[in-house]
Amino acid sequence: MYANDAAYIAPAKLKLDRDRYSGRVTDSATSGEAKAPSACICTSPPAADQIEPGDACLKTFSCYCGNSLHFENSRCLACERAVGFLPDEQHLSALEPANNGQWRALFNDRGYRQCQNYSEYAVCNWMVPSDQQQTFCASCELSHVIPNLTSPQNITLWHRLELAKRRLLYTLYSLRLPVVSRAQDPHQGLGFEFLEDQPIRGEFGNELSVKNWVMSGHNAGIITINVLEADHGPREEMREKMNERYRTLLGHFRHESGHYYWERLINGTSRIDSFREIFGDERRDYQHALQVYYEQGPPSFWQEICISAYSTAHPWEDWAETWTHYLHMVDTLETAHDFGFSIAGHYVSPPQPDMQMAHGYVRPTTFDELFDDWGRLTVALNALNRSMGLEDAYPFVVSGLQTLQKLQYVHDVINEVSGQTSPN
């Protein structure tokens, strides 16, 4: 990892639980935070029988006029129709105005309302079915604390935070992972708080220092993200201070969701023993482990056993980092599949089992296939970025057998939980 050369998987044969494995890797008016409603009704992913095979893999959509639409769009640039994402359909649809502020989705001819954060602040593009009573969409209902909107810059940062959250939720829904709100589970349900560092101000209103630092993290279902992570300058400055090759807002959401899903899918379940066999014993003192990591750094051989240096700090962080990279993989691969990418004659397969491919052919996706595609794709992505004078899109080397086993473990757990099985 953090290699200067293009990320790659060592071409030597690496044995997992099977006979072979090889590949190449390749956007309120209070003095503090404004409180958003905590109730959540529509946070469950659509049932499997409500999604046609292949629908969930789409990252581009088509407007009623035939123009291409992208996940972030709120208007078609060709026909000027408003568009909105339908969480119950996992689809971005063109809209036509209806009565009483309602909209008719041309994708399914059903009635919807714009999320309040769509209609009032334009920081969202998701819709709420007309037969549901809530004013916020399935994504915005999960935002329990939003930035102080008296600061104009915070609306831009809030937009970026919500967009990253919607991308995370799209992937979670596509993988058919449980998204349980605080209304459904008041003690462990999922929620988000976007907090700011609190400055100490001098006599003339100037900032003297920071009183309370906000650390991004997870606690009992609540994911906290420091608002500054949505500000490109400070985030890049922090990346350099931490000597990181990669630091993104979406990456933070994916990492913290890993902690949330460890609590829901691993802790207190029959999987805990297999988790400890692969990742280690999470009962180790967490704060002490972090202190040791920051004082001494990772072991010299960390690339052989973990996907990142930070993974070595504690089994919880190892799981969260591995989870993050797995979501990087499946989200990027489904985008590549949607665009019909072929790398050196190899067609990029859909990242989820039994997902419909071109011409109606359906094929299962094993972890080997998934990772082989990832290896070829990331080599190409890094080369394309270098051609534009940019840093590598995926600046990591994944070569250790234990790292591959951990990625496959996440893959298998997700398939098991979602009810999808992948042949060995």
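Quantities reported herein were computed from a predicted structural model and do not represent experimental measurements. (Residues numbered from 1 in each chain as written. Predicted model: local features only at pLDDT ≥ 70, side-chain atom pairs only at ≥ 80, totals over all residues. Heavy atoms only, no water.)

Examining the overall build of the chain
As a reminder of what qualifies: Helix numbering and strand numbering both begin at the N terminus, where a helix is a DSSP run of H or I of at least 4 residues and a strand a DSSP run of E of at least 2. Here, Shrake-Rupley sampling with a 1.4 Å probe gives the accessible areas, and only protein chains in the shown set may cover a residue.
Broken down by element type, the chain carries nine helices and 18 strands. Of the accessible surface of the chain, which amounts to about 19,400 Å², a share of 50% is contributed by carbon and sulfur atoms.

So, the layout of surface pockets
Note the threshold: The pocket and cavity definitions rest on a 1 Å grid over protein atoms only: a 1.4 Å probe that fits but cannot leave marks a cavity, an open set with protein on both sides within 12 Å along at least five of seven lines marks a pocket, and residues lining either have an atom within 4 Å of a point. Grid points are joined across faces, edges and corners, and a volume is the space filled by probe spheres set on the points. In this classification, Asp, Glu, Lys and Arg are treated as charged, Ala, Val, Leu, Ile, Met, Phe, Trp, Tyr, Cys and Pro as nonpolar, and every other residue, Gly included, as polar.
The calculated volume of the largest pocket comes to roughly 1,600 Å³. Among the secondary structure elements, those contributing two or more residues to the lining of the largest pocket are strand S13 (217-219), helix H3 (232-241), helix H4 (249-265), helix H6 (286-296) and helix H7 (315-338). If you tally residues by element for the lining of the largest pocket, the top one is H4, at seven residues. Looking at side-chain class alone, the lining of the largest pocket contains 21 nonpolar, 17 polar and eleven charged residues.

A few points about the sheet that holds strand S4 (residues 83-86)
Filter applied, for reference: A strand pair is defined by DSSP finding two or more bridges across the two strands. Fitted lines through C-alpha atoms serve as axes, helices being fitted only where they are in contact, and the angles separating the N-to-C directions of these axes extend from 0 to 180 degrees.
Pairing in this open sheet of five strands is antiparallel, and the strands run S4-S5-S6-S7-S8 from one edge to the other. Every interior strand has two partners, whereas the edge strands, S4 and strand S8 (127-129), have only one. Pairs of neighbouring strands in the sheet enclose a mean axial angle of 50°, with direction left out of account. Sheet topology note: the strand S5 (residues 91-97)/strand S6 (residues 103-105) ladder contains three bridges and is antiparallel. Within S6, the residue paired with Pro97 across the bridge is Trp103.

Describing the pairing of S5
Condition: Under the scheme applied here, a residue whose accessible area is under 20% of the maximum for its type counts as buried, over 50% as exposed, and between as partly exposed, the area being computed with a 1.4 Å probe on protein chains only.
In terms of burial, S5 is largely enclosed, as five of its seven residues are buried. Looking at chain direction, S4 and S5 are connected through four bridges and run antiparallel. Across the sheet, Phe85 pairs through a bridge with Leu92, a residue of S5. What sits between S4 and S5 in their antiparallel hairpin is a turn of four residues, with Gln90 showing a positive phi close to 55°. Counted between consecutive antiparallel strands, the loop separating S5 from S6 contains five residues, among which Asn100 sits at a positive phi close to 55°.

Thoughts on the pattern of salt bridges
We apply this condition: Basic side-chain nitrogens of Lys or Arg form a salt bridge, by our definition, when they fall within 4 Å of a carboxyl oxygen of Asp or Glu.
Within this structure, the stated rule accounts for 18 salt bridges. In this structure, the salt-bridge partner of Glu162 is Lys165, at a minimum N-O distance of 2.8 Å. Of this pair, Glu162 and Lys165 both sit in helix H2 (residues 152-174), separated by three residues, roughly a single helical turn. Between Arg254 and Asp331 there is a salt bridge whose closest N-O contact spans 2.8 Å. Linking Arg254 in helix H4 with Asp331 in helix H7, this pair joins segments that are 77 residues apart in sequence. Neither residue differs from the other here; Arg254 and Asp331 are each classed as buried. Linked through salt bridges whose partners overlap, the residues forming this network are Arg276, Asp281, Glu282 and Arg283.

Some details on a nonpolar patch on the surface
Note the following rule: Each patch is built from residues that are more than 30% exposed by relative accessible area and take part in no salt bridge. Like charges join if they lie within 9 Å; nonpolar side chains (Val, Leu, Ile, Met, Phe, Trp, Tyr) join within 5 Å.
Among the surface-exposed residues, Met238, Met242 and Tyr294 lie close enough to one another that they form a single nonpolar patch of about 300 Å² accessible area. Summarising the element assignment, Met238 is placed in helix H3.

Section: the confidence of the model for the chain
Filter applied, for reference: One confidence number per residue, pLDDT, is output by the predictor and ranges from 0 to 100. Residue contacts follow a heavy-atom distance rule, with two residues in contact if any of their heavy atoms lie within 4.5 Å.
Scored by pLDDT, the chain comes out at a mean of 82, with 79% of its residues at no less than 70. Residue range residues 420-424 is modelled with pLDDT below 50. Its contacts to residues more than four positions away, or to other chains, number 13 contacts.

Focus on the environment of Glu369
With respect to the element layout, Glu369 can be found in helix H8 (residues 367-387). Look at Glu369 and you get partly exposed, because its relative accessible area is 23%. Separated by 20 residues in the primary sequence, Glu369 and Ser349 have C-alpha atoms spaced 7.8 Å apart.

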